[in-house]
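Here is what each chain is made of, one letter per residue.
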Amino acid sequence: LPRGKYELPLLVYDRLLTREGQLLYPVSPDPKSPWVPEVFGNAILVNGKLFPYLEVEPRKYRFRLLNASNARIYHLSFVAAPMDSKEPPRQADRGSTNAVPFHQIGTDQGLLPAPAPLQHLEIAPAERADLVLDFSDHRGEQVILKSDAFVIMQFRVSPEKVVDTSSLPSCLRAVAKIPESKAAQTRLLTLDEYVNRNGNPAMLLLNASRWKLPITERPVLGSTEIWTLINPTNDTHPIHLHLVRFQILDRQNYEPWLFQTKRELHFLGPPQPPAPNEAGWKDTVQAYSRMVTRIIVPFVGFTGRYVWHCHILEHEDNEMMRPYEVISK
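Fair warning: this is a prediction, and the values are worked out from it, not measured in the lab.

Brief notes about the pattern of salt bridges
Scanning all chains against the criterion turns up 17 salt bridges. A salt bridge links Glu 319 to Arg 210; its shortest N-O distance comes to 3.7 Å. Of this pair, Glu 319 sits in the loop between α2 (313-316) and β21 (321-326) while Arg 210 sits in the loop between β14 (201-206) and β15 (224-231); the two residues are 109 residues apart in sequence, bridging distant segments of the chain. We classify Glu 319 as partly exposed; its relative accessible area is 25%. Since its relative accessible area comes to 42%, Arg 210 is described here as partly exposed. One salt-bridge network, held together by shared partners, links Glu 7, Arg 62, Arg 64 and Asp 130.

As structure tokens, this is what we get:
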């Protein structure tokens, strides 16, 4: 795998900028409640730069990517075009001849069992992805990193031929799947959104509980639990647990109204296993709208109080965060 100058961090985040280039953070028109539910920027930066470029050799590179945005979920793709092209590259799709395939080799907490071939990557705030991109077929071209209609950055591939002796192993690191039978407890935890008379979000909670209410999640040190995240909202919530790493079990569509009125989980289809690029150790999981997301969590290391929360900044700072406590046996 690439090392040294061929291994680079990519810190991607969006910000709102005024015409004068000043940072802007919006607030609501109600001075008694300035909170806004999400902030999406009009400029996407990489490592603090707007529309940056990187000169690369026609060989493999390894990029350690972090989504550091407040709320934006990126749908990333790489698109190739001639270096002298005046036209913006077309949006890449699975059938596009100019889409540049890549591999994901790691997640939030380390290597995957095997490289996952991709043409698109969906990455939510706080998620990390370890990527390998091979520029060897694009000598003298530009490769654009995009998210939907946004152009994020440009890679300028040298026309010079180089010898690349690096290789991508077929196996990386074994990740033993935790059997569900090992779980000592299963918890049902809701992701709750409350709207005002205008239909706008006014409050977001975890398990219908404010931050200062007594702790209700007290896993025992050394035990394993299944946390069932029930999301009736219209948002995908990236849920992050401090201290631990976990594995995604599955996601499943369900009927929110029946659960909210009768506390009955009525599923609308079979469970969906995690994608190959989610099959490693995670600490942040995308809990999709109107789905039940299950994770299996070993609580090892230390006792004490920690937090779990939605990693959309405006959500976590406005009550969508709860403490939990790891206790001794």
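A word on the sheet that holds strand β19 (residues 291-298)
Ordered by their spatial adjacency, 5 strands build an open sheet running β14-β13-β15-β19-β17, and the pairing between neighbours is mixed. The open sheet has two edge strands with one neighbour each: β14 and β17 (247-253). When strand polarity is set aside, the average angle formed by the axes of neighbouring strands in this sheet is 20 degrees. As defined by bridge partners, β17 adjoins β19 across 6 bridges and the pair is classed as antiparallel. In the sheet register, Ile 248 faces β19, and the bridge partner there is Ile 295.

Details of the pairing of strand β16 (residues 237-241)
The buried fraction of β16 is high, at 5 of 5 residues. Side-chain alternation along β16 places His 237, Ile 239 and Leu 241 on one buried face and Pro 238 and His 240 on a second face that is also buried. With 4 bridges connecting them, β16 and strand β18 (residues 284-287) associate as antiparallel partners. From the neighbouring strand, Ile 239 faces β18, where its bridge partner is Val 285. Taken together, the 3 bridges between β16 and strand β20 (residues 304-310) define a ladder with antiparallel strand orientation. Its bridge partner lying in β20, His 240 is registered against His 309.

Quick word on the nonpolar core
Nonpolar side chains tend toward joint burial in soluble globular proteins. One finds Leu 121, Phe 135, Ile 152 and Phe 155 to be the most contacted residues of the largest nonpolar core, which totals 28 residues. Counting only elements with at least two residues in this core, the list comes to β1 (7-15), β2 (43-46), β5 (60-67), β6 (74-82), β9 (121-123), β10 (128-134), β11 (141-147) and β12 (150-157). Those residues in contact with Leu 121 that sit more than four places away from it in its chain are Leu 65, Tyr 74, His 75, Leu 76, Phe 102, Gln 104, Ala 129, Leu 131 and Asn 277. Ile 248, Ala 287, Tyr 324 and Val 326 belong to the second-largest nonpolar core, a separate cluster that totals 24 residues.

Focus on the environment of Tyr 61
Structurally, Tyr 61 is set in strand β5. Considered as a pair, Tyr 61 and Tyr 6 are 55 residues apart in the sequence and their alpha carbons are 5.0 Å apart.

Remarks on the sheet that holds β2
An order of β3-β2-β1-β5-β10-β7-β8 is seen for the 7 strands of this open sheet, with the pairing classed as mixed. With one partner strand each, in any of the chains shown, β3 (49-50) and β8 (110-118) form the two edges of the open sheet. When β5 meets β10, the two strands line up antiparallel, connected through 7 bridges. Residue pairing for β10: Leu 65 is matched across the bridge by Ala 129.

A short note on the packing of aromatic side chains
The final tally for this structure, using the stated rule, is 13 aromatic pairs. Here the aromatic rings of Phe 63 and Phe 135 are separated by 6.5 Å at their centres, their planes lie at 85 degrees, and the arrangement is edge-to-face. On the criterion of sequence distance, the pair formed by Phe 63 in strand β5 and Phe 135 in the loop between β10 and β11 is long-range, its members being 72 residues apart. Each member of the pair, Phe 63 as well as Phe 135, carries the same accessibility label: buried. Ring centres of Trp 227 and Phe 299 lie 6.0 Å apart, and the angle between their planes is 40 degrees; on these two criteria the pair is classed as tilted. One end of the pair, Trp 227, is in strand β15; the other, Phe 299, is in the loop between β19 and β20, with 72 residues separating them in the sequence. Judged by relative accessible area, Trp 227 falls into the buried class, the value being 0%. In this structure Phe 299 comes out as buried when scored by relative accessible area, which is 0%. Members of the aromatic cluster, each reached through a chain of ring pairs, are Tyr 6, Tyr 61, Phe 63, Phe 78, Phe 102, Phe 135 and Phe 155. Lying over the aromatic face of Tyr 53, Arg 156 brings its terminal NZ or CZ to 3.6 Å of the ring centre. Stacked on the ring of Trp 281, the Lys or Arg Arg 245 has its end atom at 3.9 Å from the ring centre.

Calculation criteria
- Residues numbered from 1 in each chain as written.
- Predicted model: local features only at pLDDT ≥ 70, side-chain atom pairs only at ≥ 80, totals over all residues.
- Heavy atoms only, no water.
- Salt bridge = Lys/Arg side-chain N within 4 Å of Asp/Glu carboxyl O.
- Helix = DSSP H or I, 4+ residues; strand = E, 2+ residues; numbered from the N terminus.
- Buried < 20%, exposed > 50% of the residue type's maximum accessible area, 1.4 Å probe, protein only.
- Pairing = 2+ DSSP bridges.
- Axes fitted to C-alpha atoms, helices over the stretch in contact; angles between N-to-C directions.
- Core = buried A, V, L, I, M, F, W, Y, C linked by side-chain atoms within 4.5 Å.
- Contact = heavy atoms within 4.5 Å.
- Phe/Tyr/Trp six-rings, centres within 6.5 Å; stacked < 30°, edge-to-face > 60°.
- Lys NZ or Arg CZ within 6 Å of the ring centre and 35° of its normal.

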